[in-house]
Amino acid sequence: MHRPILIIGACGQIGTELTMELREKYGNERVIASDIREGGDTLMGSGPFELLDATNYAAIEDVVMHYEIDEIYLMAAMLSATAEKFPMRAWNLNMSSLFNVLNLAKESKISKIFWPSSIAVFGPNTPKEDTAQSTIMEPSTVYGISKQSGERWCEYYFKKYGVDVRSVRYPGLISWKTMPGGGTTDYAVEIYHEALKKGHYESFLAKGTKLPMMYMDDAIRATIDLMESPSEKIKVRSSYNLASMSFTPEEIAESIQNHIPDFTISYAPDFRQQIADSWPSSIDDSAAKAQWGWEPKFNLDQTTLEMLNNLK
Ligand SMILES: NC(=O)c1ccc[n+]([C@@H]2O[C@H](COP(=O)([O-])OP(=O)(O)OC[C@H]3O[C@@H](n4cnc5c(N)ncnc54)[C@H](O)[C@@H]3O)[C@@H](O)[C@H]2O)c1
């Protein structure tokens, strides 16, 4: 039987689907969801839930002791677009929540951690195409700086204290169950909702902005596969590059037009354009493929089909 798992930030875009998948796999009672707010009905009704602030070490420790938690998935964070508006709050949340979880593992109170990084660790000086696992980074956003620092600390805790922490650099994630939480790639979810509701979408990213993206099912599978891999296979203890597809706003629009021929798109780039311009267009994820067998399943057209069918 799997030992109890705690998910912090379980009510967000990724946490909601991750919690449901882990409950399906390991049993509802063994997966404890937590967040600073309550989540959707399916999540709240399917197993234990705790109101928990990720910046409060003592509160997390209480929950860990109470449920005899063995693994933590830390999904609480302030995302890229919101973080540009509240830099200090973003830094405090993103870093203190990570230190809390790393220190619990250092003190042997838990034995394994998943913490997500992002393609936002890369910056304007990073080679844009097929961005390598190890390359120039120099992130230019508050969010990217917090993720890059987080990666360095994860590797440090692994090397110095033997903490079993695992991580992937998620690209922009596309899902239909939960809305995204203030990132720069949110347009690729909004566009499907608006296509069905209004037949039109005004994109906050300009034509030609090509970004790495992934369908949520692939992201959840990658996360759980990485956590289930034997420790010796995990050679990268900062964070793995992870990829499946890259596209521009006009390419996603075309993919939607195959199903909704009258769908139209217009462009009104805002402050998020600058963030998008600083990120890679495509990612080389060969290390994840070679070391723990990562393989994506969903391309853009399959994603469009899933999104439209489920949102209808
Ligand atoms: N969604 C993406 O496209 C994407 C891409 C790259 C990386 N990531 C990373 O994945 C993780 C999860 O992202 P997401 O998209 O699900 O984010 P989200 O914003 O949808 O969810 C984050 C959750 O954390 C909760 N939270 C905020 N402050 C908290 C606190 N102090 N204590 C406890 N919970 C708190 C929020 O209530 C929310 O439910 C983050 O680390 C994010 O940086 C996401």
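Note that the coordinates shown come from a computational prediction; the quantities given were computed from them, not determined experimentally.

About the cut-offs
Residues numbered from 1 in each chain as written. Predicted model: local features only at pLDDT ≥ 70, side-chain atom pairs only at ≥ 80, totals over all residues. Heavy atoms only, no water. Pairing = 2+ DSSP bridges. Helix = DSSP H or I, 4+ residues; strand = E, 2+ residues; numbered from the N terminus. 1 Å grid on protein atoms, 1.4 Å probe; cavity = no way out; pocket = protein on both sides within 12 Å on 5 of 7 lines; lining within 4 Å. Points joined across faces, edges and corners; volume = space filled by probe spheres on them. Nonpolar A, V, L, I, M, F, W, Y, C, P; charged D, E, K, R; others polar. Buried < 20%, exposed > 50% of the residue type's maximum accessible area, 1.4 Å probe, protein only. Lys, Arg positive; Asp, Glu negative; His and termini not counted. Salt bridge = Lys/Arg side-chain N within 4 Å of Asp/Glu carboxyl O. Polar contact = N/O pair within 3.5 Å; in protein donor to acceptor, adjacent residues only side chain to side chain. Contact = heavy atoms within 4.5 Å. pLDDT = per-residue confidence, 0-100. Core = buried A, V, L, I, M, F, W, Y, C linked by side-chain atoms within 4.5 Å. Near = heavy atom within 4 Å. Areas by Shrake-Rupley, 256 points an atom, 1.4 Å probe, with all protein chains shown as cover.

Draft legend 1. Spotlight on the sheet that holds strand β6 (residues 117–118). The three strands are arranged β6-β8-β12 in an open sheet whose pairing can be described as parallel. Strands with a single pairing partner mark the edges of an open sheet, and in this sheet they are β6 and β12 (240–241). Examined bridge by bridge, β6 and strand β8 (residues 168–170) share two bridges and lie parallel to one another. Across the sheet, the residue bridging to serine 117 is arginine 169, located in β8.

Draft legend 2. How the structure looks around the layout of surface pockets. In this structure, the largest pocket encloses a volume near 880 Å³. Around the largest pocket sit 41 residues that line it, and Met75, Ala76, Ala77, Leu79 and Gly181 are the ones nearest its centre. Looking at the lining of the largest pocket, the elements with two or more residues in it are α1 (13–26), α4 (80–85), β6, α6 (142–161) and β9 (172–174). With three residues, α1 is the largest single contributor of residues to the lining of the largest pocket. Here the residues of the lining of the largest pocket sort into 22 nonpolar, 14 polar and five charged.

Draft legend 3. Summary view of unusual backbone geometry. For glutamate 68, which is not a glycine, the phi torsion comes out positive at approximately 50°. Among the structural elements, glutamate 68 can be located in the loop between α3 (57–67) and β4 (71–74). Overall, glutamate 68 belongs to the exposed group, its relative accessible area being 57%. Even without glycine at this site, aspartate 130 takes up a positive phi of about 50°. Structurally, aspartate 130 can be placed in the loop between β6 and α6.

Draft legend 4. Structural detail: the side chain of arginine 23. Topologically, arginine 23 is positioned in helix α1. Of the side chains bearing the opposite charge, glutamate 29 lies closest to the buried arginine 23, which forms no salt bridge; the N-O distance is 7.4 Å. Within the local environment of arginine 23, its side chain forms a polar contact with the backbone oxygen of proline 48, the two atoms lying 2.6 Å apart. Not counting the four nearest positions on each side in its chain, arginine 23 is found in contact with Asn28, Val31, Ile32, Ala33, Leu43, Ser46, Gly47 and Pro48.

Draft legend 5. Representation of the confidence of the model for the protein chain. Overall, the prediction assigns the protein chain a mean pLDDT of 98, with 100% of residues at 70 or greater. β4 holds the highest mean pLDDT among the elements of the protein chain, 99, whereas α4 holds the lowest, 96.

Draft legend 6. Representation of the side chain of threonine 248 within the structure. Looking at the secondary structure, you find threonine 248 in the loop between β13 (245–247) and α9 (249–257). Not counting chain neighbours up to four residues away, the residues in contact with threonine 248 comprise Tyr187, Gly208, Thr209 and Lys210.

Draft legend 7. Seen up close, the nonpolar core. Grouped together as the largest cluster of nonpolar side chains are 40 residues, with contacts concentrated most on Ile174, Tyr187, Tyr192, Phe247, Ile252 and Phe263. Secondary structure elements with two or more residues in this core: α6, α7 (187–197), β11 (211–215), β13, α9, α10 (272–277) and α12 (300–311). The leading source of residues in this core is α7, at six residues. Ignoring anything within four residues of it in the chain, the contact list for tyrosine 187 reads Tyr201, Ser203, Phe204, Leu205, Met213, Phe247, Thr248, Pro249 and Ile252. Formed by 34 residues, the second largest nonpolar core is a distinct cluster that contains Ala33, Leu43, Ile224 and Trp292.

Draft legend 8. Molecular detail of the site of the ligand. Close contacts around the ligand come from 26 residues, with Gln13, Ile14, Asp35, Ala54 and Tyr143 the closest. Within the contact set of the ligand, an oxygen atom lies 2.5 Å away from a side-chain nitrogen or oxygen of tyrosine 143. Contacts to the ligand include leucine 173, whose backbone N or O atom sits 3.0 Å from an oxygen atom. Here the ligand has 830 Å² of accessible area as a free molecule, and 91% of this is covered by the chains. If you list the elements that add at least two residues to the shell around the ligand, you get α1, β6, α6 and β9. Per-class residue counts for the shell around the ligand are 15 nonpolar, seven polar and four charged.

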